[in-house]
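# Architecture at a glance
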Amino acid sequence: MQIYVKTDNLSHSKGNIEGIDGKKGRDIVTLLQEPQVWIRAGVLFCLAFGVMTMNLPFYGDQVTLVSAPASYIYEHGIHSPILPDDLNTGHFPLFPLLTAGFWVVFGRNLISVHLLMILCQLFMFSQVISFARVKLQKATLAVFTLLLLCYPVWWAQTAGMSADIMLCGLFFMGLRAGISKKWVVWMIILGLLPLVSLRGWIWAFAMCIYVWSGEQFRFRWFMMIALRTLIALTPIIAYYTWQHAVSRWWIVPIDERYGEHRQLVDGKLLAGKGFEFLLRCIEFGMVIPVVVMIMRGSALLNRFSITSNIGLIAISVFSIALFTLPFRGPILIRYMMPLHVLILIASAPFFVKAGGQLFRGGLVAMTACVFIAQHFIAYPQMRTSIFEYDWSGGSLSHLSYFRFRAEGETYLKAHHIDDSEVGTYFPEYKSFALTDLVEDDTEYNAISPDSIPTSELLIYSNVMNSVTMPMYDSIKAHYTLDKRWFSYPVTYEIYRRIP
């Protein structure tokens, strides 16, 4: 039996298969370059992330800035925007008011706060993308959106229920209003920024300088912008005036909690603050976009414009430095979030145009991987530190801490240990009633960083950024380990004093 094969048909079929595969490959590449695909993915990510984090408690500063004042407003009602002295941090309580409002509708629980954060996150995402559409072309916008979805600080601040998510969204909305000269909208946003947070002053200042730069810094426009700014800031100025009449302090309380933060730095500390500022610019995966932006900025130096992406970044850097470097208060990663987003926008064209396709794809993939990897990396404990090295504000690497904290509480109660016998450092001493929004009055004794522990038991975790290595060595010298939990990268330990 003979079999005859018609080779030209096989060749033709093989060519069709290769052609179909090639077309599919090109279709996938084209699909990945479509911004709308990543924008829709971003909306789904926001919704999914909000659902997955519904049970995460308040953590760190957000207990003081959001949970505590919102709980007071929820329980006592709104008699005055000026909170009692022990709750007044200097921030206008707009975000706590929103949180308390959600509790009135949905109940005082963590789910309702995370529901508010979903709305804030979608607001920020929509405003950032709308601004990026003005600045970027189609393929570049797709790359920027992909990198934005990997940016770890955004997700960490959302999980932490931080007002800075809303602040960032308002800033980009204000930039768009300034570009299109929608002055009423611009003034409303300018007035809202300092009402959301004290950091709103940074971005309100940046918005004013940016609008003025678009008019070539002409004096006539300076007067117009100054008048609009004064009208927009009338509510917050009235609030501060009233607050001073009641409390006898301006902006920030003068006490043991905040007094040191108001002091001016000296020469040595200014150098340390400068290093801290630079670190905040490049940490949590931002080093590649920053290097790319500097390379691109150098190439565009001859035709530099203050209204360009690079110019807006320069204005933002100046604004943050002006409000942070002269003072002893720490520069936290959440302060830098709008600046980081601007850097991603400025660096996106390089990711699209530089080198060959393989190089560009590799650079984008590497940046995305570095972003994602930050969720699995913790700052090493330092021997000495002149700044706060909080590694939880920019990633989700600390999440197992919440589980350990709950298990630690159960362990102490099972051994009939009273709260008064337990000392700990920031942020562990925050009340369970405020962190978890439950009927639990457990609250451990706060130990300041420069104090020697004297309590019978002591709780330590490596997320406590005020504990340096010498302090930890001292703890181990005077205490014996009683119980330990560990899940990389978080350690949670309970110590008992050596008799």
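Below is a short write-up of the structure.

Reading the values: rules and limits
Position labels on residues start from 1 in each chain and follow its written sequence. Totals for whole chains, interfaces and linings use all residues, but because this is a predicted model, local features are given only for residues with pLDDT of at least 70 and pairs of side-chain atoms are given and counted only at 80 or more. As a convention, hydrogens and water are excluded, and side-chain values are obtained from all of the structure's heavy atoms. Aromatic contacts are taken between Phe, Tyr and Trp rings whose centres are within 6.5 Å, Trp giving its six-membered ring; a plane angle under 30 degrees counts as stacked, one over 60 as edge-to-face, and the others as tilted. Burial classification: accessible surface area is computed with a 1.4 Å probe over protein chains only, and a residue below 20% of its type maximum counts as buried, one above 50% as exposed, and the rest as partly exposed. What counts as a helix is a DSSP run of H or I of at least four residues, what counts as a strand is a run of E of at least two, and both are numbered from the N terminus. Remark: a charge is flagged as sitting over a ring if the NZ atom of Lys or the CZ atom of Arg is within 6 Å of the ring centre and within 35 degrees of the ring normal. Nonpolar cores were defined as sets of buried Ala, Val, Leu, Ile, Met, Phe, Trp, Tyr and Cys residues, with membership established by side-chain atoms within 4.5 Å. By definition here, a salt bridge exists when the distance from a side-chain nitrogen of Lys or Arg to a carboxyl oxygen of Asp or Glu is within 4 Å. Side-chain atoms alone can form a polar contact between residues adjacent in sequence; in general such a contact is a pair of N or O atoms within 3.5 Å, and within protein one must be able to donate a hydrogen while the other accepts it. Note on contacts: a residue pair is in contact if any heavy atoms of the two residues lie within 4.5 Å. Here, any two strands with at least 2 DSSP bridges between them count as paired. Two cysteine sulfur atoms make up a disulfide if the distance between them is within 2.5 Å. Between N-to-C directions, angles span 0 to 180 degrees; the directions come from axes that are lines fitted to C-alpha atoms, helices contributing only their stretch in contact. Roughly parallel means an angle under 35 degrees; roughly antiparallel means over 145; roughly perpendicular covers 65 to 115; every other angle is labelled oblique. By the definition used in this description, the sense in which the near helix is turned from the far one sets the handedness, with an anticlockwise turn below a right angle giving left-handed and a clockwise turn giving right-handed. Under this grouping Gly is polar, as are all residues other than the nonpolar Ala, Val, Leu, Ile, Met, Phe, Trp, Tyr, Cys and Pro and the charged Asp, Glu, Lys and Arg.

In total, this model carries 29 aromatic pairs according to the counting rule given. Ring centres of Trp 154 and Trp 155 lie 4.7 Å apart, and the angle between their planes is 35°; on these two criteria the pair is classed as tilted. The exposure class assigned to Trp 154 is buried, which follows from its relative accessible area of 1%. Centroid distance Phe 205 to Phe 323: 5.9 Å. Interplanar angle 70°. Geometry classified as edge-to-face. With a gap of 118 residues between them, Phe 205 in helix 10 (residues 200-213) and Phe 323 in helix 16 (residues 309-324) connect regions that are remote in the sequence. For Phe 205, a relative accessible area of 26% translates into the label partly exposed. A connected cluster of aromatic rings, assembled from ring pairs, spans Tyr 59, Tyr 401, Phe 402, Tyr 411, Trp 485 and Tyr 492. A cation sits over an aromatic face here: Arg 108 above Trp 103, 5.3 Å from the ring centre. In this structure, Arg 228 is placed above the aromatic ring of Trp 183, and the distance from its NZ or CZ to the ring centre is 4.3 Å.

This brings us to the nonpolar core. If you look at the biggest cluster of nonpolar residues, it comprises 145 residues, and the most contacted ones within it are Phe 144, Trp 154, Phe 172, Trp 186, Trp 203 and Leu 412. Judged by nonpolar contacts, the second largest core, of five residues, contains Ala 68, Ile 73, Leu 87 and Ala 100.

Right, let's get into the pattern of salt bridges. Following the criterion strictly, the structure yields 15 salt bridges and no others. A salt bridge links Arg 405 to Asp 436; the nearest nitrogen and oxygen atoms lie 3.7 Å apart. Remark: Asp 436 occurs in the loop between helix 20 (432-435) and strand 2 (445-446) and Arg 405 occurs in helix 19 (residues 400-414); sequence separation between them is 31 residues. Taking the shortest distance from any N to any O, the salt bridge between Glu 409 and Lys 413 comes out at 3.2 Å.

Another point: the side chain of Ser 71. Locating Ser 71 in the fold gives a position in helix 3 (residues 61-76). A polar contact of 2.8 Å, which involves the side chain of Ser 71, links it to the backbone oxygen of Ser 67. Setting aside residues up to four positions removed in sequence, Ser 71 forms contacts with Trp 103, Arg 108 and Leu 434.

Glancing now at the pairing of strand 5 (residues 490-497). In terms of burial, strand 5 is a largely internal element, six of the eight residues being buried. Where strand 3 (residues 457-461) and strand 5 come together, five bridges link them in antiparallel fashion. Opposite Tyr 460, over in strand 5, you have Glu 493 as the bridge partner. Bridge count between strand 4 (residues 479-487) and strand 5: eight bridges; the pairing is antiparallel. Note that in strand 5 the partner of Ser 487 across the bridge is Val 490. Between the antiparallel neighbours strand 4 and strand 5 lie two residues.

What follows is about helix 7 (residues 152-159). Summarising burial for helix 7: eight of the eight residues are buried, a large majority. Among all positions of helix 7, only Pro 152, Val 153, Trp 154, Trp 155, Ala 156, Gln 157, Thr 158 and Ala 159 are buried. Lining the buried residues of helix 7 we find helix 2 (35-52), helix 5 (110-135), helix 6 (138-150), helix 8 (164-179), helix 17 (337-353) and helix 18 (357-373). Met 161 occupies a position one or two residues after helix 7 and carries a positive phi of about 60°.

Turning to the state of the cysteines, a few remarks are in order. One pass over the structure, following the stated rule, counts zero disulfides. Sulfur of Cys 150: no disulfide; nearest cysteine sulfur belongs to Cys 369 and is 8.0 Å away.

The next subject is unusual backbone geometry. Phe 426 connects to Pro 427 through a cis peptide bond whose omega is 5°. With respect to the helices and strands, Pro 427 occurs in the loop between strand 1 (422-424) and helix 20. A cis amide bond, omega 5°, links Tyr 488 with the succeeding residue Pro 489. In the Ramachandran plot, His 416 falls in the positive-phi region, its phi being about 55° despite a non-glycine side chain. Mapping His 416 onto the fold places it in the loop between helix 19 and strand 1. For Leu 437, which is not glycine, the phi dihedral falls at a positive 55°. Turning to its location among the elements, Leu 437 is positioned in the loop between helix 20 and strand 2.

Once that is clear, we can look at the packing of helix 2 against helix 5. Each pair of packed helices can be described by the angle between their axes along with the distance between the axes. The geometry of helix 2 relative to helix 5 is characterised by a closest axis approach of 9 Å and an angle of 165° between their N-to-C directions. In terms of orientation, helix 2 and helix 5 fall into the roughly antiparallel class. Of the two possible hands of crossing, helix 2 and helix 5 adopt the one that is right-handed. Across the interface between the two elements, Gln 36, Trp 38, Ile 39, Gly 42, Val 43, Cys 46, Leu 47, Phe 49, Gly 50 and Val 51 from helix 2 touch His 114, Ile 118, Gln 121, Leu 122, Phe 125, Ile 129 and Arg 133 from helix 5. Residue classes in the contact of helix 2 with helix 5 are distributed as 11 nonpolar, five polar and one charged.

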